[in-house]
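What follows is each chain in one-letter form.
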Amino acid sequence: MTVGEGKFRYEVCAKWLRPPADWKLGVIPAVACDSSDRVYLYCRGDHPLVVFSPEGDFIKEWGKGILNSAHGLWIDDRNFIYCTDHTSHSVFVFNSSGELVRTFGTPNEPGAPNNPFNQPTDSTTLTPRVDSSAESLVFVSDGYGNRRVHKFSQSGRLLRSWGTEGSGPGQFRLPHCVRVDRFQRVWVCDRENDRIQIFDIDGDYLEERKGLKRPCSLFIDPKTDVVYVAELERRVSIWTLDGALITHWGGGKISDRPGEFVGGPHGIWVDSQGNLYVTEVFAEERVQKFVPVG
């Protein structure tokens with residue numbers, strides 16, 4: 001099955017994933033790829049973080065005893081893996097060997113109102129452009145219990161927080177994902193307001209993007225400035241950085257046909273070859289790979 005249009009047409013690669021025999025990955029809320037295009041799946045089940053080759057072969061797993069409830073996943077340009085565990089109220093950071101190197105939040109203890117964290121949803125980083133030895137910035141969308149975005153130093157110092165509950169500029173009904181573009185603008189999926197809000201690096205409101213169906217996650221391709229959005233109402237959409245719609249597919253009835261959606265897209269990532277990965281919630285074992293043909 002082919003989806004999309006123009007330069008953004010994709011062939012669905014059915015049954016590409018080959019986990020070990022008798023494994024059940026369960027619900028897969030998030031996906032990310034490292035600099036070698038290895039595919040990381042963040043799962044709710046006995047195998048919380050599982051790594052596969054681009055061809056779908058199992059490589060390794062980790063996170064047992066640490067990760068409890070998968071939600072958001074981010075891999076930075078230094079191959080550190082940020083796992084947002086919403087019921088543990090924490091973001092766990094691993095190196096590429098699977099060693100836990102840092103924890104944001106206090107595991108299993110929600111923060112005070114408006115303070116980190118109460119059921120956070122996702123995280124991202126901003127690496128300094130000039131001095132590669134300088135600390136990155138870390139942003140966390142703190143979404144189910146709070147309606148906030150928090151900005152940290154890489155070492156864990158809280159620098160700024162913003163957001164209140166509502167539907168006005170700078171308000172959120174559910175901040176569900178956070179990403180940063182190359183212009184150092186902070187994008188936040190405000191899922192239950194059916195929009196994405198964009199802020200400057202200090203949290204000052206800039207603009208919003210509408211025309212979305214409960215956006216759960218987004219990926220901004222650093223090479224092309226193209227924005228890929230996973231929308232919970234069974235749709236994937238692709239946009240320019242300026243907000244022009246390029247293409248979309250899905251959005252209809254529940255369907256388990258390749259290229260369509262059962263439970264609703266929740267995680268999304270694009271690897272260095274342009275392959276698009278989409279994971280779903282409200283259904284198990286749902287991770288689709290879309291190979292560009294445009």
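Residues numbered from 1 in each chain as written. Predicted model: local features only at pLDDT ≥ 70, side-chain atom pairs only at ≥ 80, totals over all residues. Heavy atoms only, no water.

(A) Quick peek at the pairing of strand E25 (residues 265–270). Most of E25 sits out of view: six of its six residues are buried. Relative to strand E26 (residues 276–280), E25 runs antiparallel, the two sharing five bridges. The residue bridging Pro-265 from the neighbouring strand is Glu-280, located in E26. Taken together, E25 and the strand that follows it, E26, pair antiparallel across an intervening segment of five residues, in which Gly-274 is found at a positive phi of about 90°. (Buried < 20%, exposed > 50% of the residue type's maximum accessible area, 1.4 Å probe, protein only. Helix = DSSP H or I, 4+ residues; strand = E, 2+ residues; numbered from the N terminus. Pairing = 2+ DSSP bridges.)

(B) Broad picture of the sheet that holds E26. Taken in spatial order, the five strands of this open sheet run E1-E2-E27-E26-E25, and their pairing is antiparallel. Strands with a single pairing partner mark the edges of an open sheet, and in this sheet they are strand E1 (2–5) and E25. Neighbouring strand axes in the sheet, compared pairwise and without regard to direction, differ in orientation by 25° on average. Note: E26 against strand E27 (residues 287–292), four bridges, orientation antiparallel. Bridged to Thr-279 within E27 is Val-287. (Axes fitted to C-alpha atoms, helices over the stretch in contact; angles between N-to-C directions.)

(C) View of the pattern of salt bridges. All told, the structure shown has 18 salt bridges when counted by the stated rule. Between Asp-181 and Arg-185 there is a salt bridge; the shortest N-O distance is 2.8 Å. Neither Asp-181 nor Arg-185 differs from the other in exposure class; each is buried. When the shortest N-O distance is used, the salt bridge between Glu-208 and Lys-210 registers 3.3 Å. Beyond isolated ion pairs, a larger network of salt bridges with shared partners links Asp-181, Arg-185, Glu-207 and Arg-209. (Salt bridge = Lys/Arg side-chain N within 4 Å of Asp/Glu carboxyl O.)

(D) Region of interest: the state of the cysteines. For the structure on display, the rule yields zero disulfides. Not engaged in a disulfide, the cysteine Cys-177 finds its nearest cysteine sulfur in Cys-189; these two sulfurs lie 4.6 Å apart. A residue is classified by how much of its surface remains accessible, and Cys-177, at 0% relative accessible area, is buried. Among the residues examined, Cys-189 registers a relative accessible area of 0% and is labelled buried. (Disulfide = S-S within 2.5 Å.)

(E) Structural detail: the layout of surface pockets. The volume enclosed by the largest pocket comes to roughly 750 Å³. Lining the largest pocket we find 28 residues, and of these Trp-74, Ile-75, Asp-77, Ile-220 and Pro-222 sit closest to its centre. Of all the elements, strand E11 (residues 122–126) adds the most residues to the lining of the largest pocket, at three residues. Residues belonging to the lining of the largest pocket are distributed by class as follows: ten nonpolar, six polar and twelve charged. Within this model, the second largest pocket holds a volume of roughly 340 Å³. Elements supplying a minimum of two residues to the lining of the second largest pocket: strand E2 (8–13) and E27. Take the lining of the second largest pocket: its biggest share by element is three residues, from E27. Here the residues of the lining of the second largest pocket sort into eight nonpolar, one polar and six charged. (1 Å grid on protein atoms, 1.4 Å probe; cavity = no way out; pocket = protein on both sides within 12 Å on 5 of 7 lines; lining within 4 Å. Points joined across faces, edges and corners; volume = space filled by probe spheres on them. Nonpolar A, V, L, I, M, F, W, Y, C, P; charged D, E, K, R; others polar.)

(F) Layout of the sheet that holds strand E17 (residues 175–180). Pairing in this open sheet of four strands is antiparallel, and the strands run E17-E18-E19-E20 from one edge to the other. Each edge of the open sheet is held by one strand with a lone partner, namely E17 and strand E20 (205–209). With direction set aside, neighbouring strand axes in the sheet form an average angle of 20°.

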